[in-house]
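Structural overview
Chain by chain, the residues:
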Amino acid sequence: MTGIHTGDVDVTVTLHDSEPAPDDGDWQDIVEISAHCASGEFMVRGMMDDLDEELPVLSFNGPGHYRLRVHARGRDTATDLAPDEVTEWYLIQAWPAATATDATVIRQIDGYGASVRAH
């Protein structure tokens, strides 16, 4: 979930043959989840608009099981607003992996994320 109500966010997708190291950077939240893609066409899409650029297909190895590590920062900057400039950044790392039953929390420090998790 984004912190902003409406507007653009920056999303980067990186694809890996095996589990990469988390990008420590200045990410506020980093969480991993498992996903299964039956069609082989698992993609990031804009919710209400087309993306400015096409992002790589997350299921780059075809149908099957994948692990996604989502990094987020900036969600506290303009919560519930519609900023004219990008205030949130996301990095999605994807790699083929057996299904894990639970999400793995690496870091959770932003206020917006804490408020979402409390509900």
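Residues numbered from 1 in each chain as written. Predicted model: local features only at pLDDT ≥ 70, side-chain atom pairs only at ≥ 80, totals over all residues. Heavy atoms only, no water.

**Section: the overall build of the chain**
- A count of helices and strands for the chain gives 1 helix and 5 strands.
- Counting from the amino terminus, the chain carries its helices and strands in the arrangement β-β-β-β-β-α.
- Relative to the globule expectation of 14 Å for 119 residues, the C-alpha radius of gyration of the chain, 15 Å, shows essentially globular dimensions.
- Expressed along its principal axes, the backbone C-alpha trace of the chain runs to roughly 35 × 30 × 25 Å. (Helix = DSSP H or I, 4+ residues; strand = E, 2+ residues; numbered from the N terminus. Rg over C-alpha atoms; globule rule 2.2 N^0.38 Å.)

**As for the sheet that holds strand 5 (residues 104-108)**
- Read across the open sheet, the 5 strands follow the order 1-4-3-2-5; overall the sheet is mixed. Only two strands of the sheet have a single neighbouring strand rather than two, namely strand 1 (10-15) and strand 5. Mean inter-strand twist for the sheet, computed between neighbouring axes without regard to direction, equals 25°.
- In this structure, strand 3 (residues 64-73) lies alongside strand 4 (residues 89-96), joined through 8 bridges in antiparallel fashion. Each bridged residue has a counterpart across the sheet, and for Arg69 the counterpart in strand 4 is Gln93. (Pairing = 2+ DSSP bridges. Axes fitted to C-alpha atoms, helices over the stretch in contact; angles between N-to-C directions.)

**What to know about the side chain of Arg69**
- One can find Arg69 in strand 3.
- Arg69 gets classed as buried once you look at its relative accessible area, which sits at 1%.
- Looking at Arg69, its side chain comes within polar contact range of the side chain of Glu19, at 3.1 Å.
- There is a polar contact of 2.8 Å between the side chain of Arg69 and the backbone oxygen of Pro20.
- Each residue touching Arg69, except ones within four places of it in the same chain, is listed here: Glu19, Pro20, Ala21, Pro22, Ile30, Val31, Glu32, Leu91, Ile92, Gln93, Trp95 and Ile106. (Buried < 20%, exposed > 50% of the residue type's maximum accessible area, 1.4 Å probe, protein only. Polar contact = N/O pair within 3.5 Å; in protein donor to acceptor, adjacent residues only side chain to side chain. Contact = heavy atoms within 4.5 Å.)

**Quick word on the pairing of strand 4**
- Counting buried positions over the 8 residues of strand 4 gives 6, a clear majority of the element.
- Note that strand 1 and strand 4 share 6 bridges and pair parallel. Within strand 4, the residue paired with Val11 across the bridge is Tyr90.

**Concerning the pattern of salt bridges**
- Taken as a whole and assessed by the stated rule, the structure comprises 9 salt bridges.
- Ionic pairing is found between Arg45 and Glu54, a salt bridge with its closest N-O pair at 3.7 Å.
- Through salt bridges that share partners, Glu19, Glu32, Arg67 and Arg69 make up one connected network. (Salt bridge = Lys/Arg side-chain N within 4 Å of Asp/Glu carboxyl O.)

**A closer look at the packing of aromatic side chains**
- Inspection of every chain in the model, using the stated rule, returns 1 aromatic pair.
- Taking NZ or CZ as reference, Arg73 lies 4.2 Å from the ring centre of Trp27, over its face. (Phe/Tyr/Trp six-rings, centres within 6.5 Å; stacked < 30°, edge-to-face > 60°. Lys NZ or Arg CZ within 6 Å of the ring centre and 35° of its normal.)

**Brief notes about the environment of Tyr90**
- Summarising the element assignment, Tyr90 is placed in strand 4.
- When residues no more than four places from it in sequence are discounted, the contact partners of Tyr90 are Met1, Thr2, Gly3, Val9, Asp10, Val11, Thr12, Trp27, His71, Ala72 and Arg75.
- Within the structure, the side chain of Tyr90 is placed 2.4 Å from the side chain of Glu88, a separation counted as a polar contact.

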